[in-house]
Amino acid sequence: MDKFSAMQAFVRVVEAGTFTKAADSMAMPKATVTRLIQTLEQELDTKLLNRTTRRLALTEVGQDYLERAKRVLAELDDADALAGAVNQAPSGTLS
């Protein structure tokens, strides 16, 4: 399992409020998003979301994991931006 993809899916599901909306925003099938979350929960050996047919609710562990996942994903975005900026910045001597 790609843990970063699973973390992104988890954050998107919570922010969107539904698996369907999260899947649409990620341009992937709902079944894939569902599988990512299920696999993440299995790997962590805990429930992150309580699901009913009408709503999603974070568990206490899910709330803590959400906060940390957002920080990890933000750090990854910052690292990507930094690496990209290094390659785009002009360097050398002008003559």
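All values derive from a computational prediction rather than experimental measurement.

Cut-offs used in this document
- Residues numbered from 1 in each chain as written.
- Predicted model: local features only at pLDDT ≥ 70, side-chain atom pairs only at ≥ 80, totals over all residues.
- Heavy atoms only, no water.
- Phe/Tyr/Trp six-rings, centres within 6.5 Å; stacked < 30°, edge-to-face > 60°.
- Helix = DSSP H or I, 4+ residues; strand = E, 2+ residues; numbered from the N terminus.
- Expected span 1.5 Å × (residues − 1).
- Axes fitted to C-alpha atoms, helices over the stretch in contact; angles between N-to-C directions.
- Parallel < 35°, antiparallel > 145°, perpendicular 65-115°, else oblique.
- Contact = heavy atoms within 4.5 Å.
- Nonpolar A, V, L, I, M, F, W, Y, C, P; charged D, E, K, R; others polar.
- Patch = residues over 30% accessible without salt bridge, like charges linked within 9 Å, V, L, I, M, F, W, Y side chains within 5 Å.
- Areas by Shrake-Rupley, 256 points an atom, 1.4 Å probe, with all protein chains shown as cover.
- Salt bridge = Lys/Arg side-chain N within 4 Å of Asp/Glu carboxyl O.
- Lys, Arg positive; Asp, Glu negative; His and termini not counted.
- Charge placed at Lys NZ, Arg CZ, Asp CG, Glu CD.
- Buried < 20%, exposed > 50% of the residue type's maximum accessible area, 1.4 Å probe, protein only.

**Details of the packing of aromatic side chains**
Working step 1: The full count for this structure, using the stated rule, is one aromatic pair.
Working step 2: Ring geometry for Phe-10 against Tyr-65: centres 5.8 Å apart, planes inclined by 65°, an arrangement best described as edge-to-face. Taken together, the positions of Phe-10 in helix 1 (residues 3-16) and Tyr-65 in helix 4 (residues 60-88) put the pair 55 residues apart, joining distant regions of the chain.

**Considerations on helix 3 (residues 30-44)**
Working step 1: Its 15 residues give helix 3 an end-to-end C-alpha distance of 21 Å, which sits within 8% of 21 Å, the value for a rise of 1.5 Å per residue.
Working step 2: Just downstream of helix 3 lies Asp-45, where phi reads positive at about 60°.

**Quick word on the packing of helix 2 (residues 19-26) against helix 3**
Working step 1: Across the interface, helix 2 lies against helix 3 with an axial gap of 8 Å and an inter-helix angle of 110°. Judged on the interaxial angle alone, helix 3 and helix 2 are roughly perpendicular. Seen from helix 2, the contacting residues are Phe-19, Thr-20, Ala-23 and Met-26; seen from helix 3, they are Lys-30, Val-33, Thr-34 and Ile-37.
Working step 2: Of the residues contributing to the contact of helix 2 with helix 3, the split by class is five nonpolar, two polar and one charged.

**Side note on a negative patch on the surface**
Working step 1: Together, Glu-75, Asp-77, Asp-78 and Asp-80 line one region of the surface with negative charge.
Working step 2: As for its placement among the helices and strands, Asp-80 is situated in helix 4.

**A word on a nonpolar patch on the surface**
Working step 1: Residues Phe-4, Val-72 and Leu-76 make up a contiguous nonpolar surface patch of about 220 Å² in total accessible area.
Working step 2: Tracing the backbone through its elements, the reader meets Leu-76 in helix 4.

**Looking at the pattern of salt bridges**
Working step 1: Per the counting criterion, the structure on display carries three salt bridges.
Working step 2: Taking the shortest distance from any N to any O, the salt bridge between Lys-3 and Glu-43 comes out at 2.8 Å. With Lys-3 in helix 1 and Glu-43 in helix 3, the pair connects residues that are 40 residues apart, well separated along the chain.
Working step 3: With a relative accessible area of 34%, Lys-3 lands in the partly exposed category.
Working step 4: Assessed through its relative accessible area of 46%, Glu-43 is described here as partly exposed.
Working step 5: For Arg-51, the salt bridge identified is with Glu-41, shortest N-O distance 2.9 Å. Linking Arg-51 in strand 1 (residues 49-51) with Glu-41 in helix 3, this pair joins segments that are ten residues apart in sequence.
Working step 6: Under the relative-accessibility criterion, Glu-41 is labelled buried at 8%.

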